[in-house]
Each structure stands twice: as C-alpha cells, then as structure tokens.
Amino acid sequence: MTFGYRLRFYLVGLILIGGFSALLVRLFVIQINRYDEFSSKVPGTSEVKVRIPGVRGIIRDRRGRVLVENIARYEMQFNLKEILTNYRRVIKDENLAISKINRTASVLKELKEVPVSIFNFKDGSGIRRKRKEEDMVTIVSELIFPYLARIGLYSEFHAGDLQRHWRTHGGLVPYTYRDDLTFEEYAIAAEHSLDLPGVSVTALPMRKYVYGALASHILGFVRQPDIKKVPTEERKEWEYYVPDDFGGDGIEQTMNHFLRGKPGQRTMLKDEKGRVVDSKNEEGKVIGEIAYDPPKSGSDVWLTLDLRYQYIAEQALRKVGRGAVVVVAPTSYKTKLKALGKEEEHWVYAGDILAMASVPSYDPNKFIPSISEKDWKKYLENENDPLINRALKDHAPGSTFKIPVSLSGMLSDTELRAFDCNGGARYGPKVFMKCWARAKGYTHGSIKVRGAIKTSCNGFFYRYGNATGIDNILKVSKWMGLGARSGIPLNNEDPGFIPSPQWKRVQGLGNWGEADTAQVSIGQGATEATPLQMAMVASTIANGGKYYRPRLIHKTVEGGKEKFKASEVQYDLTKLGIPSEKIEICRSGMWDVVNEIRGTAGRGKSKIVQLSGKTGTAQTGRKRANGMNETNAWFISFAPYDKPKLAVCVMVENGKAGGTVCAPIAKRIIDAIMSIEQFNFNPQVASVKESEGNFDFVEIVSFDDDPTETFVGEDDGEDGTAVAATPAPDTGYAIRKARVIPTVKKAPDTRGSVKSRTVKQLIGILDRKGRRR
C-alpha cells in the first residue's frame, strides 16, 4: 500500500471519527445538558391543577332541621385557551386564517405631555381605539358546537357573555356554558369529553332551599362571584380556577365567612391536545387524575328560628297581601325538642327570634345557580316589592307606641293622674287632633293609663305625653330598642325614628311644641318603628321590663366544635326608674285590650291561652281608591300572661284596624304554637310557594275553622284619624327596593340563538365535513 493511499485512508478515518465525535458531543449537549430546555418545547403531557370550590355549610333551625342543604349541580365548562390552541392547530393544517373581530377600547392617558385635544373623551381620560381579538364565538361554534349538537347537548347561549369572558379572564377561569345538565346529560358529556379538548363536565355542590319560599327573607340566596374581585395571586395558583359561590342576601350573605368552605384541588394529566391522559394509580387502576385533595365543608349555622313556628306564621300571614310577623321569646325557658332524631331538653333564650315572616315573598331556588332574566324582571316590576323584608322596614307604629309612652309617664308618676278624652285636643287656633271615638259619636271620659291602653284613647295620650314630656319618651324609647338597628345579621334593616326637638330644629321646621309631643304620643307623624322593634317592645313588657338584644343565630358548628352566645339584658327598666309594679299596670292594660268589654282587640281572645296585646292603626299619608286615608294595622301581643313564652308583632299594610285585621292573625299563631307546647301538636311542614302580594284593602281577617272570630265588637280597632302636626321625614316610601344583586342568566342573544342562520349552518358542519380534530 502506497504512502499516498494510506494518507488518504487516515485522513478519511480522522474525518469520520471527528464527525462522529462532534455528533456525540452535540447529542450529549442536547439530550443531557440542555434536556430541560428542549423538552419544554416538545409537545407532551402536562399536569393541570384544578381548583375545587369549598362546600358551604348547612343552615338549620334551632332543632337541627335542615333549611338549606347542598345537592349536586352538573356543569359543562369551556377552557377557552385550550379550545383556541386546538383551533390554531386545526386551521394550520387546513391553511386557514384565525377568526378575529374588532372591538373598540379606551386607552388611558398616561403621559402628561400628551395634549388633551387628541383624546375623544371630554375629560381627556382616554382614546377610543379599535383592537383585534379572537372571535371566540365563531371558534367555539366551528370546533365544539357541531359535536355537542350530534350528541344532543347543544343549547342556546349568550354569545356576548362568552366573548366578554374571554376578553376578561382568558383561559384562567373556565367559562360555564351550561349549568343545567341533567344527570343523564352529565353522563353522556363525561363519556365524550375526552374527545373535545377544552371541554369538561363537573359536579359541583348547589344550594337547595328545602322549603321553597319559607323564610326566604331570612335565608337569602347565593350568587356566583365577581372574578375581578378575586386577587390575581390567588387565581394564578391554579390553571383552572373554579370559584366559590357566595352569599347574595340574608344569612347566606352576612354569615358567608362561616358558611364558606375551604377549596380542594384536583391534579389532571393532559396531553399536547388538551385531552385528559389515562394514568394508573398505585393499585393499577386507570384514572384521569393523578392527585386529589377534597374540599372542606364550612360551618353549619343554626338559627334561633323554629321551623314549625315559622311555617305557622307564614301560613297565617298569607291571609293578607302585604305584611309582616315577628315572634320572639320574652323569657328563657326549657322545652323538649326533638333535634336530629333525639328528644332532648333545650333552652329557649330570651330575645330569640322564633319566627319572622314577610309577604309578599320570593323563592330563593330561582336564584340558583342563576336567575333567568324573565324571573328577575318579574320580581323587579312587582310593585308589591317581594324582595323587601317588611319585618325590618319602618312604618308609623300607631297606637302600639302608646306602650312606651305609658312607661315614660311612669318616670314622672304621671300614671297616677286621670285625663279627659274630650274627643281630642286643640293645639293653637287651627289644629284640633281628634280621638278615634269622636267619629263614632262618643268620648272615653276621664280615665287613667290602664283604661286608656284598653280603649286606645288618643285624647288621653295627647295630654299624658305632654304631662311627662318628650325627654322621658325619648329615654324609654331608647331603653326599648326603638330608633336604632337591632344588630341582627340581616342587611337592609331600618333603624326606625323617634322625632326630637333637636331634629325639628335641624330640619328647619321651627320650634318643638305640644302638638309635636301629642303626635309622637300616639305613634304618628315622623315616628317610625319596624315590626321587629315592636315585637321587642311586647317582649320587654311581657318579661317585666328587661330589654334583650334580639338574637337570630343560635350557634355555629364546625368539626364538632360549637360557638354559642346567649342574648344579654341591654336595659332593665326596673333599674332605670320604672319599678315592676308600674310595669304591671301596662301588662294589665294589654290584658284588658283582648279580654275586657270595650277592649280594642276582642277578636284576639283565645280559649287556649291568656293572650294580651295592644292594637294600632296608623295613617300612611296615601289615599285609597275610594278617597279614604290609607292606614297600616298593627297588633303587638304576648302569652301566656303569667309565664310568657311568646311575644308577637303583626303588621298589615292597607289594613283597616289592628283589632279586626292583625289580632286574629296573632291569635292564630299563638294558639298553634301553644298547642305544640301544651298538647304536643306537631304540624306537618311542607314546601311553601312564593306569595306575589296585592294592594287590596284588608277590612277584616278571619279563619274558616275558627268560629270565635265571627263577632266584631263596636270598639274593635281605631280608625287612625289623628291629624299630622309634624311632617315625617321623606323616606321615599313609594317603593323601597331591596339592595340585592343576584347572578342573572341572560337570555340567548342573536348569535347564540338557534334562530341565527349562522348557528343553523354550523350544526351541519359535522355531517358535511366530519368533526375537526
């Protein structure tokens, strides 16, 4: 072999060795040293963390009966980012352009040196510019809806909401396409969801209000959250952020921090196409998830309400179109309750709210998971205001306010004096304030406070109130919880109002006079109180002068640990200058109202229990269709007389008189509840339908199965004909809308409706071209 030949051979060998060496080095660098860098660029499987909403706690009554529970809700969700990624792959294969739309956006002015004149807004706050963004409606319609139509799961939707969701949240928060899947539809969707990247179905807890509209104004409802208010750092912890529902009104809202559970997490394995990859756990079982941390439940909230009492109150109140009932416990006592299947002795504590009802009402189940535009509009346009809790709305209390006035006179021993009715009283040359008896052709003569309570004599209380003075009236009103919110955990509670000389001066209405005090003394004019406040007035009288702050939350329970706090005495009248023997005069007067001849509430007399009360009828300042003054009727009561267990307030809007309208309702409620206590009567509680209400004038209330209510005495109720001497504050009474903001499910728009030609055409894509993958 010649030298030249060997040289060429060695040279070729060296080149081959060098090439292979360089290749090996390069492979080592790529596969070993820079493995993480390049592996991240190669499509493959990925772990996806999904946030699972916490489970809300249960709401129960004081006996443990479930009022609000959780049931399964089946949803279909779109991860729009994954759908877009898959769509880009499809159009790349088919050499198509991605669908985009123009939208007009505002660009905020950031540089001070930019002339204001270039901005379109008058305040120079921004420029209107057109921007392009992916047309997610078209993308989803082409890629997803044809397949959903084939398996029978397509439904109309609001295209504008879908596009806004993409613009606001991108792929961080799933878009809920359907929240109304049946279990059968859920099973079909779960079977096929692996074939649809970005489409998933999930089972989430959903609130169910077991008894329909029962206690709806107390329980409230939940709504879907505003994702914008969730901190960005919290959202970024998960690839899929499924938020918690939160309280929209009532206990659901005010006790949300107790009811809200702790979120869980599901870790899924997905391939490069966004489809769940089957994996095996340690037992070899094929699963679609690689880790699961279950959500935790929130605290159970036990209310002071008794489900049976609430049902009784609501059924009795349905006799009228608009009104409220509040039942409270004036004293603490033991009772046998069957709680969670066990009969035990339980304490009922003074100040406990045992029932609170308001009509008209609403069904909170309509708000879950979202309320339709049609139903929401119906509620808003109902002039009877079904969203308002009338038990917490203030009105002129009329003659029921004579009870605090009677007590105020006892600070100055005015109860020892007798005053003439005289058919009314004159204040100045132009103002004569009448007693209701004058219209019936007689007067009450000269009487003392017990007789004035029985006959509800306005003439007496005009003079009695002025004899004791407005300062004493203001003191006792405060001690009985009037003029201030009670503090129970419900929103939109009115504070009530007791006018004072200082208020009148500030309002520029002149100096305070005797006519003003006279008007306050009969609960008219600017005087206002809520049914809850007047129920607490009855409670304070019933128990001998102790005002307890009302209590609505019995206890909270989490993990077997209970948090409980009984109500405390806030004011004790016997320690503030009104001894118990003077308070007994008011109690006796209230007994006379119901049980004595010429008492104003003879139709409230009970055969089961000794019932005591006070009627009231107050002008509203409005006229009825017949031109007569419109009045609201009141009745506050307690029973039994010796050892009171119940204090009740009934208020009916557009009612003729407290004795003929409200007293029979209170009697019905007290008789039924005392039958439970004394005779173990156990009413069957069923779901309650919502009440739409009406503006009908209520002249008399009677119950067909109670023959004792057919008699109407001559003096059953006042007519509320006092003349207003001081204008009341402008509270905008006409319609005071509840400040509730639910999640409203919009009706399908043009692009999302099957009436749209575009959608009709898209439904046929699958049959013409085959499903795009």
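Residues numbered from 1 in each chain as written. Predicted model: local features only at pLDDT ≥ 70, side-chain atom pairs only at ≥ 80, totals over all residues. Heavy atoms only, no water.

1. Here's the deal with the overall build of the chain
Applicable threshold: To qualify as a helix, a DSSP run of H or I must reach at least 4 residues; to qualify as a strand, a run of E must reach at least 2; elements of each kind are numbered from the N terminus. Relative accessibility under 20% of the residue-type maximum defines a buried residue, over 50% an exposed one, and the middle range a partly exposed one, all with a 1.4 Å probe and only protein chains included. Residue contacts are counted whenever heavy atoms from the two residues lie within 4.5 Å of one another. Using the Shrake-Rupley algorithm and a 1.4 Å probe, accessible areas are obtained, with residue cover drawn only from the displayed protein chains.
Scanning the chain from N- to C-terminus turns up 24 helices and 31 strands. Relative to its 773 residues, the chain shows a buried fraction of 54%. Taking the intrachain contacts of the chain between residues at least 6 apart in sequence as the baseline, contacts between residues at least 24 apart amount to 77%. If you sum the accessible surface of the chain, you get close to 36000 Å²; carbon and sulfur atoms cover 51% of it.

2. A closer look at the nonpolar core
The criterion, for reference: To define a nonpolar core, start from buried Ala, Val, Leu, Ile, Met, Phe, Trp, Tyr and Cys residues and group those joined through side-chain atoms within 4.5 Å.
Of all hydrophobic cores here, the largest spans 138 residues; its most connected members are I251, L303, M356, L407 and I665. Counting 32 residues, the second largest nonpolar core, distinct from the first, contains L80, I83, W166 and V199.

3. Here's the deal with the packing of helix 16 (residues 458-468) against helix 19 (residues 514-521)
For clarity, the cut-off: Axis lines are fitted to C-alpha atoms, over the contacting stretch for helices. Their N-to-C directions set the angle, which ranges from 0 to 180 degrees. Crossing handedness is read from the near helix: turned anticlockwise from the far helix by less than a right angle, it gives a left-handed crossing, and turned clockwise, a right-handed one.
Here helix 16 crosses helix 19 at 115°, and the two axes come no closer than 8 Å. Once helix 16 is placed against helix 19, the crossing between them reads as right-handed. Between helix 16 and helix 19, the residues in contact are F461, Y462, G465 and N466 and E514, T517, A518 and S521, respectively.

4. Comments concerning the confidence of the model for the chain
The cut-off we apply is this: For every residue, the pLDDT score states the predictor's confidence, bounded by 0 at the bottom and 100 at the top.
The pLDDT averaged across the chain works out to 84; a share of 81% of its residues lies at or above 70. Overall, residues 106-125 carries pLDDT values under 50, and its contacts beyond four positions in sequence, including any with other chains, amount to 27 contacts. Below pLDDT 50 for its whole length, residues 730-736 participates in 14 contacts with residues either more than four positions away or in separate chains.

5. Focus: the side chain of S399
Convention followed: As used in this structure description, the phrase polar contact means that two N or O atoms lie within 3.5 Å; if the pair is within protein, one of them must be able to donate a hydrogen and the other to accept it, and residues adjacent in sequence are counted only when both atoms belong to side chains.
Structurally, the position occupied by S399 is in the loop between helix 13 (373-381) and helix 14 (402-409). Among the polar contacts made by the side chain of S399, one reaches the side chain of S456 at a distance of 3.2 Å.

6. A closer look at the packing of aromatic side chains
The line we're drawing: Working definition: a ring pair exists when centres of Phe, Tyr or Trp rings (six-membered ring for Trp) sit within 6.5 Å. Plane angles under 30 degrees give stacked, over 60 give edge-to-face, the rest tilted. In this scheme, Lys NZ or Arg CZ marks a charge over a ring once it lies within 6 Å of the ring centre and within 35 degrees of the ring normal.
A complete count under the given rule lists 25 aromatic pairs for this structure. On the basis of an interplanar angle of 80° and a centroid distance of 5.5 Å, the ring pair of F419 and F460 is categorised as edge-to-face. With F419 in strand 20 (residues 419-420) and F460 in helix 16, the pair connects residues that are 41 residues apart, well separated along the chain. You'll find F419 and F460 in the same group, each marked buried. Taking the ring centre of W302 as reference, the NZ or CZ of K555 above it sits at 4.2 Å. The lysine or arginine in question, R598, covers the ring of Y442, its NZ or CZ lying 5.1 Å from the ring centre.

7. Some details on the pattern of salt bridges
Rules: Counted as salt bridges are all cases of a side-chain nitrogen of Lys or Arg within 4 Å of a carboxyl oxygen of Asp or Glu.
Using the criterion set out here, one finds 35 salt bridges in the structure. Among the ionic pairs, D300 bridges to R60, the shortest N-O distance being 3.6 Å. Residue D300 is located in strand 14 (residues 300-303), and its partner R60 is located in strand 2 (residues 59-60); the two are separated by 240 residues in the primary sequence. For the pair D300 and R60, a shared accessibility class is recorded, and that class is buried. The residue R260 makes a salt bridge to D244 at a minimum N-O spacing of 3.1 Å. On the criterion of sequence distance, the pair formed by R260 in the loop between helix 11 (256-259) and strand 10 (264-270) and D244 in the loop between helix 9 (232-235) and strand 9 (246-249) is long-range, its members being 16 residues apart. By relative accessible area, which is 41% here, R260 ends up partly exposed. Residue classification places D244 among the buried positions, given a relative accessible area of 6%.

8. Some points on a nonpolar patch on the surface
Applicable threshold: Each patch is built from salt-bridge-free residues with over 30% relative accessible area, joining like charges within 9 Å and nonpolar side chains (Val, Leu, Ile, Met, Phe, Trp, Tyr) within 5 Å.
Together, V12, L16, F20, L23, L24 and L27 make up a nonpolar patch on the protein surface, roughly 590 Å² of accessible area in all. Position of L27 among the secondary structure elements: in helix 1 (residues 3-33). Look at L27 and you get partly exposed, because its relative accessible area is 38%.

9. Details of the pairing of strand 21 (residues 424-427)
Applicable threshold: One requirement defines pairing of two strands: DSSP has to find at least two bridges between them.
Examined bridge by bridge, strand 21 and strand 22 (residues 431-434) share four bridges and lie antiparallel to one another. Paired with Y427 across the strands is V431, a residue of strand 22. Taken together, strand 21 and the strand that follows it, strand 22, pair antiparallel across an intervening segment of three residues, in which G428 is found at a positive phi of about 80°.

10. Re helix 17 (residues 470-479)
For helix 17, the full list of buried residues reads I470, N472, I473, V476, S477 and W479. Of the surrounding elements, those touching the buried residues of helix 17 are helix 14, helix 16, helix 18 (501-506), helix 19, strand 24 (546-548) and strand 27 (569-572). Positive backbone phi, at 85°, marks G481, one or two positions downstream of helix 17.

11. Details of the environment of I498
For I498, the position within the fold is in the loop between helix 17 and helix 18. Judged by its relative accessible area of 12%, I498 is buried. Taking C-alpha positions, I498 is 8.3 Å from A529, a pair spaced 31 residues apart along the chain. What I498 contacts, discounting residues up to four positions off in sequence, is F401, L474, S477, L482, G483, T527 and E528.

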